[in-house]
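Analysis of the macromolecular model
So you can see what is in the structure, the chains are spelled out below.
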Amino acid sequence: MITVGMNYHVIEGKQQDFEEKCAAVIDALNASEGHTSSTLWKDVSDSASYLITSEWSEEQAFTDFIQSEAFRNVTSWG
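These remarks concern the structure in this document. Note on numbering: residues in each chain are counted from 1, in written sequence order. With the structure being a predicted model, the display of local features is reserved for residues of pLDDT at least 70 and the display and counting of side-chain atom pairs for 80 or more, all residues being used for whole-chain, interface and lining totals. Side-chain metrics rest on all non-hydrogen atoms present in the structure, leaving aside hydrogens and water.

**Quick word on the overall build of the chain**
Under the DSSP-based scheme used, a helix requires at least four consecutive residues in state H or I and a strand at least two consecutive residues in state E, with every element numbered from the N terminus. The secondary structure content of the chain amounts to three helices and three strands. Buried means the residue's accessible area, taken with a 1.4 Å probe over protein chains only, is under 20% of the maximum for its type, while exposed means over 50%, and partly exposed covers the values in between. Counting the 78 residues in the chain, one finds 31% classified as buried. In what follows, a contact means two residues having at least one pair of non-hydrogen atoms within 4.5 Å. Counting contacts in the chain only where the partners sit at least 6 residues apart, residues at least 24 apart contribute 58% of the total. With the model as given, the accessible surface of the chain reaches about 5100 Å², and the carbon-plus-sulfur share is 50%. His is not counted here, nor are the chain ends, while Lys and Arg score as positive and Asp and Glu score as negative. By convention, charge coordinates are those of NZ in Lys, CZ in Arg, CG in Asp, or CD in Glu. Counting 4 positive and 13 negative side-chain charges, the chain places the averaged centre of each group 10 Å from the other. Note on areas: Shrake-Rupley, 1.4 Å probe, and residue coverage restricted to the protein chains presented here.

Pasting the structure below:
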């Protein structure tokens, strides 16, 4: 199992947009082979700071996803 974490600091005022887009990314993740779970975390002391953690059955499954068209489709906004 592999856990991947990605930190984001969002432009002030864009938090809602970011959270909505992350929900779409997590939906895509949930449909991916080898994906176990993902969570979007929000820093209680900085409302523009986020962490997304994802668990995968193996590193290759994660690599395959980030190289996929599904990933490109949900991340082209950023």
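So, next bit.
**Some remarks on the packing of aromatic side chains**
Aromatic rings from Phe, Tyr and Trp, taking only the six-membered ring of Trp, are treated as a pair when their centres fall within 6.5 Å; an angle between ring planes under 30 degrees marks them as stacked, one over 60 as edge-to-face, and anything in between as tilted. This model, assessed by the stated rule, comprises four aromatic pairs. Ring centres of Tyr 8 and Phe 18 lie 5.2 Å apart, and the angle between their planes is 55 degrees; on these two criteria the pair is classed as tilted. Of this pair, Tyr 8 sits in strand β1 (residues 2–9) while Phe 18 sits in helix α1 (residues 15–30), and the two are ten residues apart along the sequence. When its relative accessible area of 31% is taken as the criterion, Tyr 8 is described as partly exposed. Considering the side-chain rings of Trp 56 and Phe 62, the 5.7 Å spacing of their centres and the 65 degrees angle between planes classify their relative orientation as edge-to-face. Three or more aromatic residues link up through ring pairs in this structure, and these residues are Tyr 8, Phe 18 and Tyr 50.

**Section: the environment of Glu 59**
On the secondary structure map, Glu 59 appears in helix α2 (residues 59–66). Given the relative accessible area of 54%, Glu 59 is considered exposed.

**Quick look at α2**
Turning to α2, its buried residues number three or more, namely Ala 61, Phe 62 and Phe 65. In an axial view of α2, the angular spread of the buried residues amounts to 100 degrees, which keeps them on one side of the axis. It is the directions from the helix axis to the C-beta atoms that the arc portrays.

**Remarks on the pattern of salt bridges**
Any two side chains of opposite charge can pair, on the condition that their charged atoms come close. Salt bridge, as used here, is a side-chain nitrogen of Lys or Arg placed within 4 Å of a carboxyl oxygen of Asp or Glu. Across all of its chains, the model carries one salt bridge by this definition. Between Glu 19 and Lys 42 there is a salt bridge, with its nearest N and O atoms 3.1 Å apart. Taken as a pair, Glu 19 in helix α1 and Lys 42 in strand β2 (residues 35–42) lie far apart in primary sequence, 23 residues in all. You can call Glu 19 partly exposed: its relative accessible area is 25%. For Lys 42, a relative accessible area of 44% corresponds to the partly exposed category.

All we've got here are geometric facts, nothing functional implied.
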